[in-house]
Protein chains: 4
Amino acid sequence: MTENVSAASLICDLAKQFYELGWVTGTGGGICIREGEHVIVAPSAVQKERMTPDQMFTLSIDGSVISGPADASLRPSECTSLFMAAIRLRDAGAVIHSHSIHAVIATLLFDREFDISELEMIKGIEGMNYHDRLVVPIIENTSRECDLASSLEEAIKGYPQTRAVLVRRHGFYAWGRDWVQAKTHAECYDYLFRAAAELRRLGVPTVPLKGVNDASIPTRPAEPFVRR
Amino acid sequence: MTENVSAASLICDLAKQFYELGWVTGTGGGICIREGEHVIVAPSAVQKERMTPDQMFTLSIDGSVISGPADASLRPSECTSLFMAAIRLRDAGAVIHSHSIHAVIATLLFDREFDISELEMIKGIEGMNYHDRLVVPIIENTSRECDLASSLEEAIKGYPQTRAVLVRRHGFYAWGRDWVQAKTHAECYDYLFRAAAELRRLGVPTVPLKGVNDASIPTRPAEPFVRR
Amino acid sequence: MTENVSAASLICDLAKQFYELGWVTGTGGGICIREGEHVIVAPSAVQKERMTPDQMFTLSIDGSVISGPADASLRPSECTSLFMAAIRLRDAGAVIHSHSIHAVIATLLFDREFDISELEMIKGIEGMNYHDRLVVPIIENTSRECDLASSLEEAIKGYPQTRAVLVRRHGFYAWGRDWVQAKTHAECYDYLFRAAAELRRLGVPTVPLKGVNDASIPTRPAEPFVRR
Amino acid sequence: MTENVSAASLICDLAKQFYELGWVTGTGGGICIREGEHVIVAPSAVQKERMTPDQMFTLSIDGSVISGPADASLRPSECTSLFMAAIRLRDAGAVIHSHSIHAVIATLLFDREFDISELEMIKGIEGMNYHDRLVVPIIENTSRECDLASSLEEAIKGYPQTRAVLVRRHGFYAWGRDWVQAKTHAECYDYLFRAAAELRRLGVPTVPLKGVNDASIPTRPAEPFVRR
């Protein structure tokens, strides 16, 4: 994958797949892919499952538009400044933004941090193992997507091991060294967000109390669901 | 999109997509698209995911048939008079009717108005922002679809900001200035109907009590689900 | 649709669609289509989403094999005698058998009859209107599928208005005058089985107590779910 | 199916299908198919729905690599030693590994054995009938997938009738005499894992107390969900 045209096609393919997963309905969510010193970004407010490669923008790493689609009514995704935060701070090769309802529910079950342990899918996140406690910081949503940038950056800096940030009542951002790892991360996180709600419904703590890391785990209330 | 043939093809494409979303199974639901002074409408009681462009009707804005399919057994969708209400009163370019089970459940969780606030997907509805309280009027169902027209018109007039009307134990109508916006609206509303049921299940109010618009929000009962 | 080849192709198409709906996984479930005095039936115990038209059997109305696939290891679907009951007793043009989990759950929520009223999708069943009480008889499952035939016939005779029979802990059979109506019926019934479980979860009776037909409706226990 | 190229293509097709079922997201899960004295296995840590036949490995029954893809960065699936256990001990023709969330939940509802009876889909498992009690052993998960091999082998030996083994908080392995039967088994087991959670939610025991095998069934607690 060394040509712009490939990344542009790939974004269209992946967006179609993400639409079927319920991540980018209603023109929400999106994905960007880095190509060396350029970042390919989809336009804002378009139907994500019907995009074509000629609608993509090419941006520099600092966010300025290098080239864009012929249709002058299109603007780069509103997520752009957030995508750039993960690219700049983590050297991400791709960033995915999802409005998955599982992520939204996860932000209502946990306060400032989502955490889970002892599920096989945790191993899909770079650097994590089955017995590790996977933590995802949750930031508060803002009226305008671009106003999320500073708290997203703070969360990325405050949680050096995370590959995702949850946004309360909104969704999540996940990234990876390339689009394959970003997609793998997003799929694993989404599975874990969904699993957490199922565990709570069963009265099973998301971090087992008598596990390997027992001593380091704060006690959780016993009721199945916790309101924030 | 300036030719009838395009709108007719598009209706077939979208209907297939809506079938997969569970909006138009059992021949229910539908979509119409306006073309200048004409409205393209699908036939009644056909399998929505298997329609072909040559089965579409072309109507005038007042609802009279200008041209129709060769198959004389077909009649225009029973939703036609309801579609026309949104076109006439709101200058809609497209109207979508869905039997989504999420919408039906929403009508059992709320009395005369569905309301929700502080979910990112609210921003997908024209004119609405994250902290706004999104209200969708709920009208009572009738035995015959055409008998819904007067109460639908009343709801459209009574709620000038809404882009959708829920029909109790039936589904919803949503519209937009063109088919893209109508589809975006329908996807966002459907997501919010589903989210509302999830929030209730968690004991989280759909309109936060201590939010920006706190003073204007009526107190809601504490139990997770409210029967009408 | 007047040629065998068409019905055989159609069965393969529909089976693929039903697989995606979760009705015929694990080689379960199926569909037959009548062609005048012949009935086209799929083979038993094959993957329903991967069938080809040349694998179909042509049977006479009395169930004897007129022609079959070259592969001698294939036998006609085990549902054949059940399909024939609806064809013979109701002059059905097509019969669908589904293992939908929604149907199985419905048979655990109701005793000898599933009933529901005041949902728009009820209107998708021939002869039924919104305020009618839709009743589907539930028969007990047997170890061998062919042993269901006599109780299925009894249920069909005992409920002249029904277009479907539920089988406890198994699934349902639905039919129609042709394949289009059989499919419409199956989709509407499946939606209603799912809706019934959602209503029970909310504490809403499936037949409203203060509805149009109030006097004729037996009181139901208040608890959300009733064990058989 | 007598050529390697066929099995390799088939693995790619099936993996796409399993991705849509939610069994192999995040590069998890997989499938292998035996070809006489060879076993075709997919590479580790790749996107399962985007594999191509030229990426497959050919192994001997003892697990040594006979041939592999041109891309030297690829290694055989981490499940390989587990796949080989079922092939060696049960003469399996194909083995499927799924991360289905239904399976993970099932391992939280049961202690050392999953059991269920009187559901039609039980008949999809070789040798089982409707009234039989289907038992699936549950083994504890380990940090590294290869460390599961000895407890998987023990479970296979200890439960001669089973065609699947559940792995706590991880997923399940299922097999069959050929890929068709392995897939049928996996679909039936997955359906039954999901059904078990639904039954528990309704307060219905997964093994009926007053059934045919009543005397042999241990009493179960009354609460809808049991924590391990």
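These numbers come from a predicted model, not from an experiment.

Peer 1: Break down the interface of chain A and chain B for me, citing the residues and quoting the values.
Peer 2: Taken together, the contact between chain A and chain B spans 27 residues of the former and 30 residues of the latter. Surface buried jointly by chain A and chain B totals about 2,400 Å² across both partners, of which 53% is contributed by carbon and sulfur atoms. Run the count over chain A and chain B and you get two salt bridges. Here E198(B) and R201(A) are joined by a salt bridge, their closest N and O atoms 3.8 Å apart. For the pair chain A and chain B, the interface holds 13 residue pairs in polar contact (both at pLDDT 80 or more). Ranked by residue count, the leading element in the side of chain A that touches chain B is helix α3 (residues 101-109) of chain A, at six residues. Broken down by class, the residue content of the side of chain A that touches chain B amounts to seven nonpolar, eleven polar and nine charged.

Peer 1: If you had to explain the relation of the copies chain A and chain B to someone new, which residues and values would you point to?
Peer 2: Placing chain A over chain B gives an RMSD of 0.0 Å and needs a rotation angle of 90°, together with 0.0 Å of translation along the axis. Both copies are brought into coincidence by an operation consistent with a four-fold rotation axis. Closest to the rotation axis within chain A is the C-alpha of E20(A), separated from it by 6.6 Å.

Peer 1: Before we move on, can you summarise the sheet that holds strand β1 (residues 30-35) of chain C with the specific residues and values?
Peer 2: Residue and element names in this part refer to chain C. Strand order in this open sheet of nine strands is β4-β3-β2-β1-β5-β9-β8-β7-β6, and the pairing throughout is mixed. Each edge of the sheet is formed by a strand with only one pairing partner; in this case those strands are β4 (65-67) and β6 (113-117). Averaged over all neighbouring strand pairs, the angle between strand axes comes to 25°, with direction disregarded. Alignment of β1 against strand β2 (residues 38-41), held across four bridges, turns out to be antiparallel.

Peer 1: Tell me about the interface of chain A and chain D, and please be specific about residues and values.
Peer 2: Accessible area lost during the coming together of the parts is what is often quoted as the interface size. On the side of chain D, 27 residues touch chain A, which itself brings 30 residues to the contact. Summed over both sides, the interface of chain A with chain D buries roughly 2,400 Å², with 53% coming from carbon and sulfur. Counting the surface chain A buries against chain D, the share from its top three residues, E120(A), Y191(A) and L202(A), is 26%. In this structure, the connection of chain A to chain D is made through two salt bridges. The salt bridge partner of E49(D) is K183(A), with a shortest N-O separation of 2.5 Å. At the surface where chain A touches chain D, the tally comes to 13 residue pairs in polar contact (both at pLDDT 80 or more). When residues of the side of chain A that touches chain D are traced back to their parent elements, those giving at least two are α1 (4-20) and α5 (179-202) of chain A. For the side of chain A that touches chain D, the element with the most residues is α5(A), which contributes twelve residues.

Peer 1: So, the pattern of salt bridges: which residues are in play, and what are the values?
Peer 2: Under the counting rule described, the total for this entry stands at 60 salt bridges over all chains. Between R133(B) and D115(B) there is a salt bridge, and its shortest N-O distance comes to 2.9 Å. Pair noted here: R133(B) is in strand β7 (residues 133-139) and D115(B) is in strand β6 (residues 113-117), with a separation of 18 residues, a long-range link. By relative accessible area, D115(B) is classed as buried at 2%. We note a salt bridge from E153(D) to R88(D), for which the minimum N-O separation is 3.0 Å. On the criterion of sequence distance, the pair formed by E153(D) in helix α4 (residues 149-158) and R88(D) in helix α2 (residues 80-90) is long-range, its members being 65 residues apart. On the accessibility criterion, R88(D) (48% relative accessible area) is partly exposed.

Peer 1: Help me get a handle on the sheet that holds strand β4 (residues 65-67) of chain A, residues and values and all.
Peer 2: All names here are of chain A. Read from one edge to the other, the open sheet built from nine strands follows the order β4-β3-β2-β1-β5-β9-β8-β7-β6, with strand pairing classed as mixed. The open sheet has two edge strands, β4 and β6 (113-117), and neither has a second partner. Going across the sheet, the axis of each strand differs from the next one's by a mean of 25°, ignoring polarity.

Peer 1: I'd like a rundown of the packing of aromatic side chains, residues and numbers included.
Peer 2: For the structure shown, the criterion picks out 28 aromatic pairs over all chains. Arranged with centres 4.9 Å apart and planes meeting at 90°, the rings of F114(C) and F193(C) form a pair that is edge-to-face. Of this pair, F114(C) sits in strand β6 while F193(C) is found in helix α5 (residues 179-202), placing the two residues 79 residues apart along the sequence. When sorted by exposure, F114(C) lands in the same class as F193(C), which is buried. One aromatic cluster in this structure is built from F18(A), W23(A), F110(A), F114(A), F172(A), Y189(A) and F193(A). Note that R200(B) overlies the ring of F110(B), its terminal NZ or CZ placed 4.5 Å from the centroid.

Peer 1: An account of the packing of helix α3 (residues 101-109) of chain B against α5(C) is requested, with residue identities and associated values reported.
Peer 2: Interaxial distance between α3(B) and α5(C) falls to 11 Å at its minimum, and their mutual angle equals 30°. The pairing of α3(B) with α5(C) is recorded here as roughly parallel in orientation. At the point where α3(B) passes α5(C), the crossing takes the right-handed sense. Residues I101(B), H102(B), V104(B), I105(B), L108(B) and L109(B) of α3(B) lie in contact with α5(C), whose contacting residues are Y191(C), R194(C), A195(C), E198(C), L199(C) and L202(C).

Peer 1: Give me the side chain of T25(D): which residues, what numbers.
Peer 2: Along the polypeptide, T25(D) turns up in the loop between α1 (4-20) and β1 (30-35). With residues near it in sequence (within four places) discarded, T25(D) still touches M121(A), E187(A), Y191(A) and Y19(D).

Peer 1: Lay out α5(C) with the relevant residues and their values.
Peer 2: Residues and elements named next belong to chain C. Helix length check: α5 (24 residues) gives 35 Å between terminal C-alpha atoms against 34 Å at 1.5 Å per residue, within 8%. The element α5 is largely enclosed, with a buried count of 21 among its 24 residues. G203 sits one or two positions beyond α5 and adopts a positive phi of about 80°.

Peer 1: Let's hear about the nonpolar core: which residues, and what values?
Peer 2: Core analysis: the biggest nonpolar cluster contains 327 residues, and F114(A), F114(B), F114(C) and F114(D) have the highest contact counts within it. Once you skip the residues sitting within four places of it in the chain, F114(B) turns out to touch A106(B), L134(B), V135(B), V136(B), I138(B), L166(B), L192(B), F193(B) and A196(B).

Calculation criteria
- Residues numbered from 1 in each chain as written.
- Chains lettered and ligands numbered in written order.
- Predicted model: local features only at pLDDT ≥ 70, side-chain atom pairs only at ≥ 80, totals over all residues.
- Heavy atoms only, no water.
- Contact = heavy atoms within 4.5 Å.
- Buried area = accessible area lost by both parts, 1.4 Å probe.
- Salt bridge = Lys/Arg side-chain N within 4 Å of Asp/Glu carboxyl O.
- Polar contact = N/O pair within 3.5 Å; in protein donor to acceptor, adjacent residues only side chain to side chain.
- Helix = DSSP H or I, 4+ residues; strand = E, 2+ residues; numbered from the N terminus.
- Nonpolar A, V, L, I, M, F, W, Y, C, P; charged D, E, K, R; others polar.
- Least-squares fit on C-alpha atoms with pLDDT ≥ 70 in both.
- Pairing = 2+ DSSP bridges.
- Axes fitted to C-alpha atoms, helices over the stretch in contact; angles between N-to-C directions.
- Buried < 20%, exposed > 50% of the residue type's maximum accessible area, 1.4 Å probe, protein only.
- Phe/Tyr/Trp six-rings, centres within 6.5 Å; stacked < 30°, edge-to-face > 60°.
- Lys NZ or Arg CZ within 6 Å of the ring centre and 35° of its normal.
- Parallel < 35°, antiparallel > 145°, perpendicular 65-115°, else oblique.
- Left-handed = near helix turned anticlockwise from the far one by under 90°.
- Expected span 1.5 Å × (residues − 1).
- Core = buried A, V, L, I, M, F, W, Y, C linked by side-chain atoms within 4.5 Å.

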